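Secondary and tertiary structure notes
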Protein chains: 2
Amino acid sequence: MAQQKKLVEAITSRDEDFAKWYTDIVKKAELIDYSGVKGCMVIRPYGYAIWENIQKDLDRRFKETGHENVYMPMFIPESLLQKEKDHVKGFAPEVAWVTQGGAEKLTERLCVRPTSEVLFCEHYAKIINSYRDLPKLYNQWCSVVRWEKTTRPFLRSSEFLWQEGHTMHETAEEAQEETMRMLHVYHDFYKETLAIPAVIGKKTDKEKFAGAEATYTIEPMMHNGVALQGGTSHYFGDGFARSFDITFTGRDNKLAYPHQTSWGVSTRLIGALIMVHSDDDGLVLPPKISPIQIAIIPIAMHKEGVLEKADSLYKRLKDEFRVKLDNSDQSPGWKFSQYEMKGVPVRIEIGPKDIENNQCVIVRRDTREKIVVSIDNLETAVRETLETMHNDMYNNALENLHEKTFVAKNHEEFLDIAQNKPGFIKAMWCGDSACEDKLKDETGGVKSRCIPFDEEHITDTCACCGKPAQHMVYWGKQY
Amino acid sequence: MAQQKKLVEAITSRDEDFAKWYTDIVKKAELIDYSGVKGCMVIRPYGYAIWENIQKDLDRRFKETGHENVYMPMFIPESLLQKEKDHVKGFAPEVAWVTQGGAEKLTERLCVRPTSEVLFCEHYAKIINSYRDLPKLYNQWCSVVRWEKTTRPFLRSSEFLWQEGHTMHETAEEAQEETMRMLHVYHDFYKETLAIPAVIGKKTDKEKFAGAEATYTIEPMMHNGVALQGGTSHYFGDGFARSFDITFTGRDNKLAYPHQTSWGVSTRLIGALIMVHSDDDGLVLPPKISPIQIAIIPIAMHKEGVLEKADSLYKRLKDEFRVKLDNSDQSPGWKFSQYEMKGVPVRIEIGPKDIENNQCVIVRRDTREKIVVSIDNLETAVRETLETMHNDMYNNALENLHEKTFVAKNHEEFLDIAQNKPGFIKAMWCGDSACEDKLKDETGGVKSRCIPFDEEHITDTCACCGKPAQHMVYWGKQY
């Protein structure tokens, strides 16, 4: 094992320097490359293949829930961005401005979309006239730009890829249902596809989206105890509709404003995958989104019959799984390390002795467990291994989330945990944003993550000011 | 029939005003909406679904030929764009410039990518070291921006969606093979999926891509005799590699420059679909990319058993085809017109009398032919109808291309055809770009389309200057 490790460049140990370990993985698993523009990244083939698998899965879920894809322009005229005042206040400080087109100076600046609420609203105003036109359930896959000062691949970049759903409904109730439906689509996707558990709840007013009435979030826990906003779903009420004069004739023949939602997840998901599942040998990818699910590695390749046998295994598996047969002239040890670095869930070793015994060896990426299986049962064994691996990865991540969740009954405990135990803090809160500010200042950045849907009663009083508590809140530092 | 027409807003007749007919279709088939930024369009669900089907088909062809998808930043620093001098000369006049990020004025302007050669080169310089790293076969799906003065939906817009392949090879021969391979992938895709024939050939030096050694093109013919550049594939030689200092250690252990290609098609394809196939009742979509392939329309819906029967047809077809059962409360005539406007290839009518006779009626969108089929053979009948329709659409388009191709033996004939017969002109050319300029000026815009791969010998002399001819060229006005 020690010798194999030397075959690929070592990466920084996760426990030693989490941040460096993260960037080592991102680079050495060939997910991204840096570009000449600060905070913009090149997503390399292996990284992009992960994103394509994420897209395919989510897009199916969106379409199954009745959504249609559209494409909006990437530019927003300054006057359009300013139509909803909370929204522009939230985004104007971090947008990129186009001021020149060809040789001509523009009469109005255009911002590169940081999000597309205003573009959807402008369009909806034109196509919504009657209750018969509702609901409108649109989604868009695109890139957006937010001029970030400090950037980190996938987690915070000036340009990133995402999807943004924007829907319009006849009633507030329907829009609220949609907000919840899509939050749960994300939550299910995290669990079923990414093998990542997450706390699910509502953002406090302070942390909600610029222009929203309510923001809901899923919050997974990274291996190092830092939280990540994993996906958000917003209920807008009819605020934007009023600002953009979107009206429809209702069933009662009266003019009314429709109610709106938006929801999105981004390439940040790939950051979550890395920080939840991976280890000191590189990526560990959940089977459902791994670009390669199985790497077949022939042992003693030059021996008669080995390559033929490896190829026959490949042919049996290739229609059901994403499988790669590596018959390149590198050593098996080098190949093992390579596919470990890339997080390939399962490798299959097949050599002369295996062939003699009508068997092969399945090795799991997460546990390194070696399973000797009869070649006759190969498909079943692989299928079961991938499924078990997915479940084990989920359960390990859940254990990490539980281990890194602490209860603070009062201010002193809160500060002590914030100081010494990275993770979520569950604590009561009075509802006043002044306490959020104070706790953030005192702890160097612990913020409210969400009011969970399954609130517990810890104490009667706010863990900051001691006044009567209104809610239990999850708190934590975030990426 | 006359009465049905009135049920939907009429569109301008194609023969009366082709340009207005085109924009009517684009709007009334709900493909696009205009946006607040000049030349930027909203691609609506039906238009985007066509693009998704195009993407799916092309992406499969790219992956089958060994290509991988990546994502490059949307911004190019001005100094990077300037590294290849022919390239920057071609694109600088039509790019959008970002000069401000958040509150801060940028020290260097960034252009929004008009195409990504320079970004790929910057990346390739970092990851190509040895002949073992070659070939690199990358493709990107993204949006690009070119600041156009006169715009038209899908055909010429300031922002459009496309794919751009960028590949690097060990030898010139390999890169040239790739250039041809991808040109033929496009040509096959046009024929097999879009049912569009095209002339295939090489651009003259005057018309080639900024920075390329050679540009190859496929040129379909629109219904009105105007040509369209349908897709291009470029061979770059090692010009960019030299400008960007991309080198690799060859098999002979010496440093060498790799050879490069790029190739792309865009949402302009949708414009071609409209202008080749559609008619005075709206879109006519080839079955392979139509978002809905079959619309089932129950007749006398309130009669017992009709809806049930329609639903049973739907269930039989839905796994093999993209099928929609329309049981809304609109009249059948209104529905007929709607699905005609949207170009749905086949509608199935099913009413009480049909049920009595164990039959249904299949109506083709292109010919309006009504085919009465036994319900027992429904799947086969639909399958055959769609296939026949695809072939007929291709053959009709081919006939149009032939009918609108004229031969000019000399200057006088050239000018006469250019004046009176819209279409391609086949004529000999001396090889001098001065003759291209002259013909363009004299004819108000007839340009060389390509030197076809299957050149014919028409005369010995250039149709412009009368000097000895080097090539036969297809000439024409273009979108």
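Residues numbered from 1 in each chain as written. Chains lettered and ligands numbered in written order. Predicted model: local features only at pLDDT ≥ 70, side-chain atom pairs only at ≥ 80, totals over all residues.

What follows deals with the overall build of chain A. The secondary structure content of chain A amounts to 15 helices and 23 strands. Against the 2.2 N^0.38 benchmark of 23 Å for 479 residues, chain A shows a C-alpha radius of gyration of 25 Å, consistent with a compact globule. Overall size of chain A, expressed as C-alpha extent along the three principal axes, is 80 × 55 × 50 Å. Counting all 479 residues of chain A, 50% fall into the buried class. (Helix = DSSP H or I, 4+ residues; strand = E, 2+ residues; numbered from the N terminus. Rg over C-alpha atoms; globule rule 2.2 N^0.38 Å. Buried ≥ 20, exposed ≤ 12 C-beta atoms within 10 Å, placed from the backbone.)

Let's shift gears to the relation of the copies chain B and chain A. By a simple turn and slide, chain B fits onto chain A: the slide is 0.0 Å along the axis, the RMSD is 0.1 Å, and the turn is 180°. Look at the turn and shift together and you get a two-fold axis relating the two. Measuring from the rotation axis to each C-alpha of chain B, the shortest distance belongs to Val98(B), at 2.1 Å. When the interface residues of chain B are mapped onto chain A, 100% of them again lie at the interface, so the same face is used by both copies. (Least-squares fit on C-alpha atoms with pLDDT ≥ 70 in both. Contact = placed C-beta atoms within 7 Å.)

Here the focus is the sheet that holds strand 5 (residues 96-101) of chain B. What the 6 strands build is an open sheet, ordered 4(A)-6(A)-5(A)-5(B)-6(B)-4(B); its pairing is antiparallel. Each edge of the open sheet is held by one strand with a lone partner, namely strand 4 (75-77) of chain A together with strand 4 (75-77) of chain B. Across the sheet, the mean angle separating the axes of adjacent strands is 45° when strand polarity is ignored. One ladder, built from 4 bridges, connects strand 5 (residues 96-101) of chain A with strand 6 (residues 104-112) of chain A; its direction is antiparallel. Bridging across to strand 6 of chain A, Trp97(A) finds its partner in Cys111(A). (Pairing = 2+ DSSP bridges. Axes fitted to C-alpha atoms, helices over the stretch in contact; angles between N-to-C directions.)

All names here are of chain A. With mixed pairing, the 5 strands of this open sheet are ordered in space as 16-15-17-18-19. Strands with a single pairing partner mark the edges of an open sheet, and in this sheet they are strand 16 (323-325) and strand 19 (370-374). Strand after strand, the sheet turns through a mean of 25° between neighbouring axes, direction not considered. Direction of pairing for strand 15 (residues 294-298) relative to strand 17 (residues 346-350): parallel, over a ladder of 5 bridges. In the sheet register, Pro 298 faces strand 17, and the bridge partner there is Ile 350. Here helix 11 (residues 332-341) sits on the sheet and contacts strand 15 and strand 17; the angle it forms with strand 15, its principal contact strand, is near 170°.

Attention now moves to the domain arrangement of chain A. Partitioning chain A into structural domains gives domain 1 (2-277), domain 2 (294-385) and domain 3 (405-476). The C-alpha-based centres of domain 2 of chain A and domain 3 of chain A are spaced at 49 Å. (Domains from an automatic or database assignment.)

What follows concerns the packing of helix 10 (residues 306-317) of chain A against helix 13 (residues 378-403) of chain A. All names here are of chain A. Viewed as axis vectors pointing N to C, helix 10 and helix 13 meet at an angle of 65°, and their least axial separation amounts to 10 Å. Considering only the axes of helix 10 and helix 13, their crossing is right-handed. From helix 10, Leu 313, Arg 316 and Leu 317 reach across to helix 13, where they touch Leu 378, Glu 379 and Val 382. Of the residues assigned to the contact of helix 10 with helix 13, the class counts are 4 nonpolar, no polar and 2 charged. (Left-handed = near helix turned anticlockwise from the far one by under 90°. Nonpolar A, V, L, I, M, F, W, Y, C, P; charged D, E, K, R; others polar.)

This paragraph deals with helix 10 of chain A. All names here are of chain A. With 12 residues, helix 10 extends 17 Å from end C-alpha to end C-alpha; this agrees with the ideal 16 Å at 1.5 Å per step. Taken together, the buried positions of helix 10 are Ala 310, Leu 313, Tyr 314 and Leu 317. The buried residues of helix 10 occupy an angular sector of 100° when the element is viewed end-on, so they sit on one face. Seen from the buried face of helix 10, the exposed residues on the opposite side, beyond 90 degrees, are Glu 308 and Lys 315. Tucked into the core, helix 10 has its buried residues touching strand 15, strand 16, strand 17, strand 18 (359-364) and helix 13. (Expected span 1.5 Å × (residues − 1). Arc of directions from axis to C-beta.)

So, about the pairing of strand 14 (residues 259-266) of chain A. All names here are of chain A. Among the 8 residues of strand 14, 8 are classified as buried, and the element is accordingly described as predominantly covered. Of the two faces of strand 14, the one holding His 259, Thr 261, Trp 263 and Val 265 and the one holding Gln 260, Ser 262, Gly 264 and Ser 266 are both buried throughout. Inspection of the sheet shows strand 8 (residues 159-169) paired to strand 14 by 8 bridges, in the antiparallel sense. Directly across from His 169, in strand 14, lies its bridge partner His 259. Across 5 bridges, the pairing between strand 11 (residues 231-237) and strand 14 is antiparallel. Paired with Ser 233 across the bridge in strand 14 is Trp 263.

Both faces of the sheet carry side chains from a regular strand, because those side chains alternate between them. All names here are of chain A. Across the 5 residues that make up strand 19, only a small minority, 0, are buried. As defined by bridge partners, strand 18 adjoins strand 19 across 5 bridges and the pair is classed as antiparallel. Its bridge partner being in strand 19, Cys 360 is matched across the sheet by Val 373. Turn length for the strand 18-strand 19 hairpin, with the two strands adjacent in sequence and antiparallel, is 5 residues, and the turn residue Arg 368 shows positive phi of about 65°.

The next point concerns the environment of Asn377(A). Residue and element names in this part refer to chain A. Along the chain, the position of Asn 377 falls in the loop between strand 19 and helix 13. Asn 377 sits in the exposed class, given 12 other C-beta atoms within 10 Å. For the pair Asn 377 and Met 221, spaced 156 residues apart in sequence, the C-alpha to C-alpha distance is 37 Å.

So, about the interface of chain B and chain A. In this assembly, 42 residues from chain B lie in contact with 42 residues from chain A. Here the side of chain B that touches chain A is composed, by residue class, of 25 nonpolar, 9 polar and 8 charged.

Residues and elements named next belong to chain B. Listed as buried for helix 14 (residues 411-420) are Phe 414, Ile 417 and Ala 418. Seen along its axis, helix 14 keeps its buried residues to an arc of 100°; they face one direction. Seen from the buried face of helix 14, the exposed residues on the opposite side, beyond 90 degrees, are Glu 412, Gln 419 and Asn 420. For helix 14, the elements touching its buried residues are strand 20 (405-407), strand 21 (424-429) and helix 15 (433-443).

It is worth spelling out unusual backbone geometry at this point. The residue after Leu134(A), namely Pro135(A), is reached through a cis peptide bond having omega -5°. Assignment of secondary structure puts Pro135(A) in the loop between helix 6 (117-127) and strand 7 (136-145). Phi is positive for Phe154(A), close to 70°, though the residue is something other than glycine. With respect to the helices and strands, the residue Phe154(A) is situated in the loop between strand 7 and strand 8. A positive phi is found at Asn358(B), a non-glycine position, where the angle reads about 55°. With respect to the element layout, Asn358(B) can be found in the loop between helix 12 (352-356) and strand 18 (359-364). On the neighbour-count criterion, Asn358(B) (9 C-beta atoms within 10 Å) is exposed.

Moving on, we get to the environment of Val98(B). Here Val98(B) is to be found in strand 5. In sequence terms Val98(B) and Leu110(B) are 12 residues apart; their C-alpha atoms lie 5.1 Å from each other. Beyond its immediate sequence surroundings of up to four residues, Val98(B) is in contact with Ala96(A), Trp97(A), Val98(A), Val112(A), Phe75(B), Leu106(B), Arg109(B), Leu110(B) and Val112(B).

Here we take up the confidence of the model for chain A. Residues and elements named next belong to chain A. When pLDDT is averaged along chain A, the result is 96, and 98% of the positions lie at 70 or above. Across residues 1-7, where pLDDT falls below 50, the model places 9 contacts with residues more than four positions away in sequence or in other chains. Reported confidences for the modelled complex are a pTM of 0.96 and an ipTM of 0.95. (pLDDT = per-residue confidence, 0-100.)

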